[in-house]
Structures are given as C-alpha cells and as structure tokens.
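A closer look at the structure
Here's the letter readout for the chains.
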Amino acid sequence: MPAPRFDQLHRHTGPYFVALGGAGMFGANLYLYGSAGQWIGIDCGLALESTASGDNRVSVPSLTALEKHDIKLSALLITHGHEDHIGAIPHLWRQLGCPLYTSPFTAQLIRSKLPQHLDWPALHEIRPLQPIGLDAFQAEWIPVTHSIPESHGILLQVAGRRLYHSGDWKLDAQPLVGEVTAEGRLRAIGREGVDVLIGDSTNAPGGGASRSEAAVQDGLSDAIRPRAGRVVVTCFASNLARLHSLALIAFDTGRYAGLLGRSLRSMHGVGRAHGYLQARPGFIDPWELGFLPPQQQLWICTGSQGEPMAALGRLAAGSHPQLTLEAGDTVLFSSRLIPGNELPLERIKSQLKGQGVHIIDDDMAPIHASGHPPQDDLRELYGWLRPRYLLPVHGEPYHQQAHLDFARRLGIGGLVPANGELIDLSGQPCRVAELPWALREVERNG
Ligand SMILES: [Zn+2]
Ligand SMILES: [Zn+2]
C-alpha cells in the first residue's frame, strides 16, 4: 500500500477514515476522519497488556502519522469514559493540542486525570441530540446503552456523507443506571440514510441478545441471598448500574455495603456528583462495615482482572489493611475476564480457595452482562440505521471479520480496516494508502 499523497490528506473532500488504534485489537481506540484537509478524531484510549509477571503494560497510539504528514486535528470527540477510549488523553493532549468535546460525566472523568495546574486544551461539554458544527463536520452525540453512563454513538455529516460511529453499545430495555439506546432518533437517522457505519465488533462472533442489567441484578440477588459469611463482589469500577444493584441487594438481604479500592471510590464520587447512584441506602465506610457480623457484610472491590495490588489481590494475599477473609466467605466475580489476564486471576482464585473462600463466577451464575452487542443486537440496530457499508472496529481481526460476515448476510457491504490504513469513504469504502502506525509504551500515571 502506498504512502498517502498530499492531496488525499489536505485537499480532497473524501471523506477519509484512518484508525490509529482499535482496529485489529482491543484498546487504544483512536479514529480519525478527514475532509479537504480538515481532520477530527474520535476517542483516545489506552491499551493494556498483562505480562507473565502479572504486571500491566500500558500503551498509547503513536502520533507519528500526524507529525509526518502535518495533520492537525481541529477537535477530539469522545464517545464515553472507559479507559480504552479516554485513557491516552493525559499522554497525548499536548501533541494533539485541539479542543475536546464530550458529555458532562465523561468530561469530569477526563478532568480527574489531568493535573490541575496545567493549561489544558478546552474541554467542551456537549448535549446529546444537539448537533454541533466543527469545520467541515457536523457531529451529533446519540445516547446508547453501555456499561458506563453517558455512552454515545456519533453521527458525522461531512462532504455530503453520513457516517455513524457506533462507540461501544448494547441494547437493554432496563439498564438501571444510564441511558436506553435512543431508538427513535436512530430510526430517524436510518430514514435519512447512513452511508458508512463504523462499529463495535467485541461480541459480533456471538449469537443471541444482550443480557439485561436487570437480569444481572436478579442473578446477583439469587447468588448472594443464601450465603452465610461475608460476601465480596468484584466488578469494573465504572459499572455504576452494578453498584446501584449491589446497594439494593445488600439492603434486601440484611447486609450493609461498602466499597474497597480507590478507583471504585472515585468513580462513585463522580457518579453521585452527576446525579447517578442517588438511591438510599448507599455505601458505608469500610471501617464501620468491618465491625459488623460477617453475615451483614457486603463488600464491593476492585481487582476483577487479577491485578495483584488492587483490593481483591490484597484480600487473596491476606494483606489488606481493612479486611481479612475467613473460611465460609464468598467472592463473586461480576465481571468478564479480559483476555491476557488469565494467569494472575487464576493465582488469586487459588489463593482464595486455599483460605476456604467460595468462588462464584459468571460461568456458574448469571451475575455479569457484557456492554457490547451480540448478533441479535447488531441485527436490530442495523435494521434501524440501514447502513450501506460497515467498517468493523473495536476488536481483533477475528471479531472484525465475524462482524463483517454477519453484516453481509444483512445486505451490508464493507471491509475490515487495519490500523494505519487510509480508507476513502466517498463511495464504496476502499483502501487508498497506508500511514505509519504503532503503539508506544507509557508509564501508567504519566
Ligand atoms: Zn466501553
Ligand atoms: Zn471500548
């Protein structure tokens, strides 16, 4: 594939698409759209890899392509607040040097990562369903259900084309916390026409429909109710719906709930500040919770991916300052294992079993729901939007190909993009050139 010509990047209206992360991999999502020399980005995330020693290696997209070809972004648009979508901002904001646009809750999560004293690029808070103009582009954030509040797809209109960038999404009529996917608006967008859909491939190989967060609440309740000792539940800190359910289940089963782990406490704080998790009863202080009888304790903790220094890792090692587990206690994994973390998680599970702690995971009971769409969800959304073409992203090549194969059965064309490929979207998507692409390892809190 040739290097791009000047006129492709700086004169032709295109529009053009290039992924600098997230295509052919999980993590480091960074997608660029260009027309007549004007470029915008969508998302700017981290990639995590766990090493054999159990440490996490953290990487961000390299911006060599922008430097080499003198591409300046006029805006960075953010779909939602997961690390694989916002985690690279603290590392790349200086180089990007453009304003950021996102919803208020996600903006707060981004602000909480940035040193206070620095002069940040402008961070604009958008309103869903209210299009904004950005040079040649018009962008509209569309609410979708996912596993964190304020998740969005983005409709881009540029050079006479209508592009729908799905972000991470699922369908769930009862998400408990956060938005229901905006079916009415999506159907209207479909009636007006969608040329290319750039979409989430995470669960595309899987059949069936998403499990509802309401079903997870029932599953957790059934699993927790008969337990005699302490109950510890580990889940992703950003899953505010799960925290909401666990607070209710604690009350319902005669327990008090508390949070263990820094990321859980800070996520809970941002959530409450934005009007989520207002229901009473809430969570009590860990020091108080630890003094109650074991059968009245429900702990929610970080560390579902086997991170040795997170709360669950320290509980398993018997080194947590606020809680010691005993035989007869139960740990529930209300989470999905991210591939690559198998070894550290197995180590933690065997340490817990060695202490006589019961383990329940989502293979044994319906205590977790994915935030990404399997095939029934894809069929439904694509029926509303009726895109002509698909570029499957947010997945490894296997997930992308399964996504495209499934879309073809619905009469949708397209191609599987790789990171760095410049794709012309002016007609049927086609690869026209290749830009340099790489991941760059960074310090975790750099
Ligand atoms: Zn996400
Ligand atoms: Zn994601």
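Note that the coordinates shown come from a computational prediction; the quantities given were computed from them, not determined experimentally. What you see as residue numbers is a count from 1 along each chain, following the sequence as written. Starting at A for chains and at 1 for ligands, labels are handed out in the order in which the entities are written. At least 70 in pLDDT is required for a residue's local features to be given in this predicted model, at least 80 for side-chain atom pairs to be given and counted, and no such filter applies to totals for whole chains, interfaces and linings, which use all residues.

Turning our attention to the sheet that holds strand β16 (residues 297-301). Should DSSP find at least two bridges between two strands, the strands are regarded as paired. A run of DSSP states H or I qualifies as a helix once it reaches four residues; a run of E qualifies as a strand once it reaches two. Both are numbered from the N-terminal end. In space, the five strands of this open sheet follow the order β15-β16-β14-β17-β18, with parallel pairing throughout. Whereas interior strands pair on both sides, the edge strands pair on one side only; in this sheet they are β15 (256-260) and β18 (358-360). Geometrically, the sheet is characterised by an average inter-axis angle of 20 degrees between neighbouring strands, direction not taken into account. Here strand β14 (residues 231-234) runs beside strand β17 (residues 330-333); their pairing, made up of four bridges, is parallel. Following the sheet pairing, V231 is matched in β17 by T330. Every axis corresponds to a line fitted to the C-alpha atoms, with the helix fit spanning only the stretch in contact, and the corresponding angles, defined between N-to-C directions, vary from 0 to 180 degrees.

We now examine the domain arrangement of the protein chain. Where each domain starts and ends follows an automatic or database-derived domain assignment. Domain boundaries in the protein chain define domain 1 (6-208 + 370-442) and domain 2 (213-360). In this structure, domain 1 and domain 2 have C-alpha centres spaced 32 Å apart. Listed by contribution, the elements that provide at least two residues to the side of domain 1 that touches domain 2 are β4 (47-50) and α5 (104-111). Looking at the side of domain 1 that touches domain 2, the element that brings in the most residues is α5, giving four residues. Under this grouping Gly is polar, as are all residues other than the nonpolar Ala, Val, Leu, Ile, Met, Phe, Trp, Tyr, Cys and Pro and the charged Asp, Glu, Lys and Arg. Here the residues of the side of domain 1 that touches domain 2 are counted per class, giving nine nonpolar, ten polar and two charged.

The next point concerns the sheet that holds strand β13 (residues 194-200). Pairing in this open sheet of seven strands is mixed, and the strands run β9-β10-β11-β12-β13-β19-β20 from one edge to the other. Among the strands making up the open sheet, the edge pair consists of β9 (132-134) and β20 (413-414). Bridge count for β9 against strand β10 (residues 137-144) is three bridges, and the pairing is antiparallel. Paired with L134 across the bridge in β10 is F137.

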